[in-house]
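Structural overview for review
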Amino acid sequence: MIKNFPALFFAVLFTILILGCPGSSGADTEVYTAGDFRRISAMAAKILERNHYSGVKMTQELSGKIFDRYFDMLDPSRMFFTGQDVQKFEIYRLTIGEKLQQGECSFAFELYDLYRAYRDFTQKMLKNPIDFDVNESMTLFPEKFPRPADEKAMLDLWRKRLKNDLLLFMLMEKSEAEENKNKKSDGKKSAVQKKTPAERILQRQRDFGNDIEKRDPIDILGLLLDSMAQSYGAHSDYQAPKR
């Protein structure tokens, strides 16, 4: 067996996709058509099954891993998709691998559309007072727990995350105020006025939302194909063609 075959294989795969697809020479991603996406999906899926060093074949079990990994890739913190959302897409769980081999990649875009539409509850929640007198806890390892069952459970997670983040930014604000006070006593100019904790959180959420919105279709497909590659082996990745 060739040493370092995974790296060699995916370099070859990446080269094939780059040479075989429009848009790889600097053109806008708009030149990618539905036919291009089908061709890329089928090529990647078939080459993986035929040539991956693990020798794993596409089965319903592997398909289920691809399905779960794509959810986790989009939402590792388990703040955007509920158990009900997963249930809506269960039709793909045992078939997504075979569908990709056939060039059918609509699951990538259907789930991402839900991800894109998914609600940022931060601004609405900040309009209501946060009770810091209530003793609460939240996990630091959400990936080890099931997704929230429904929107009500998800909202509770968002509320706790917001409360936690507000506390962190309030502590940072207090520390920065002490630092500015010391600078003034030393005759140094104080730092520029910082945003409030709430403003910082809102800015962070806006930046996150912008990142979600600006992702190109070829990169969205790449996330699903990367989920497939990683399901074959921990050291396997798919790289989408870049402009």
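So, here is what we can say about the structure in this document. (Residues numbered from 1 in each chain as written. Predicted model: local features only at pLDDT ≥ 70, side-chain atom pairs only at ≥ 80, totals over all residues. Heavy atoms only, no water.)

1. Observations concerning the overall build of the protein chain
- A count of helical and extended segments in the protein chain gives ten helices and zero strands.
- Element order for the protein chain, N to C, with α for helix and β for strand: α-α-α-α-α-α-α-α-α-α.
- Taken over 243 residues, the protein chain has a buried fraction of 38%.
- Across the protein chain, the fraction of contacts at a sequence separation of at least 24, relative to all contacts at a separation of at least 6, is 78%.
- Counting only carbon and sulfur atoms, one obtains 54% of the accessible surface of the protein chain, whose full area is about 14500 Å². (Helix = DSSP H or I, 4+ residues; strand = E, 2+ residues; numbered from the N terminus. Buried < 20%, exposed > 50% of the residue type's maximum accessible area, 1.4 Å probe, protein only. Contact = heavy atoms within 4.5 Å. Areas by Shrake-Rupley, 256 points an atom, 1.4 Å probe, with all protein chains shown as cover.)

2. Topic: the layout of surface pockets
- Approximately 270 Å³ is the volume attributed to the largest pocket.
- Lining the largest pocket are 16 residues, with Met-79, Phe-80, Trp-158, Arg-161 and Gln-205 sitting closest to its centre.
- Mapped onto the lining of the largest pocket, the elements with two or more residues apiece are α8 (151–185) and α9 (197–213). (1 Å grid on protein atoms, 1.4 Å probe; cavity = no way out; pocket = protein on both sides within 12 Å on 5 of 7 lines; lining within 4 Å. Points joined across faces, edges and corners; volume = space filled by probe spheres on them.)

3. Details of the packing of helix α6 (residues 106–117) against α9
- Interhelical geometry of α6 versus α9 gives an angle of 155° and a closest axis separation of 10 Å. The angle between the axes of α6 and α9 places the two elements in the roughly antiparallel class. The handedness of the crossing between α6 and α9 is left-handed. For the pair α6 and α9, the contacting residues are Tyr-112, Tyr-115 and Arg-116 in the first and Phe-208, Asp-211, Ile-212 and Glu-213 in the second.
- In the contact of α6 with α9, the residues fall into four nonpolar, no polar and three charged. (Axes fitted to C-alpha atoms, helices over the stretch in contact; angles between N-to-C directions. Parallel < 35°, antiparallel > 145°, perpendicular 65-115°, else oblique. Left-handed = near helix turned anticlockwise from the far one by under 90°. Nonpolar A, V, L, I, M, F, W, Y, C, P; charged D, E, K, R; others polar.)

4. Things to note about helix α3 (residues 60–74)
- With 15 residues, α3 should reach 21 Å at 1.5 Å per residue; the first-to-last C-alpha distance of 22 Å fits that figure.
- Where α3 is concerned, the buried positions are Leu-62, Ser-63, Gly-64, Ile-66, Phe-67, Tyr-70, Phe-71 and Leu-74.
- In the core, the buried residues of α3 are packed alongside α4 (83–88), α5 (96–101), α6 and α10 (217–232). (Expected span 1.5 Å × (residues − 1).)

5. Description of the side chain of Gln-101
- The residue Gln-101 is located in helix α5 in this model.
- In this structure the side chain of Gln-101 is engaged in a polar contact, spanning 2.9 Å, whose partner is the side chain of Glu-49.
- Non-local contacts of Gln-101, meaning those with residues more than four positions away in its chain, are made with Ala-42, Ala-45, Lys-46, Glu-49 and Met-58. (Polar contact = N/O pair within 3.5 Å; in protein donor to acceptor, adjacent residues only side chain to side chain.)

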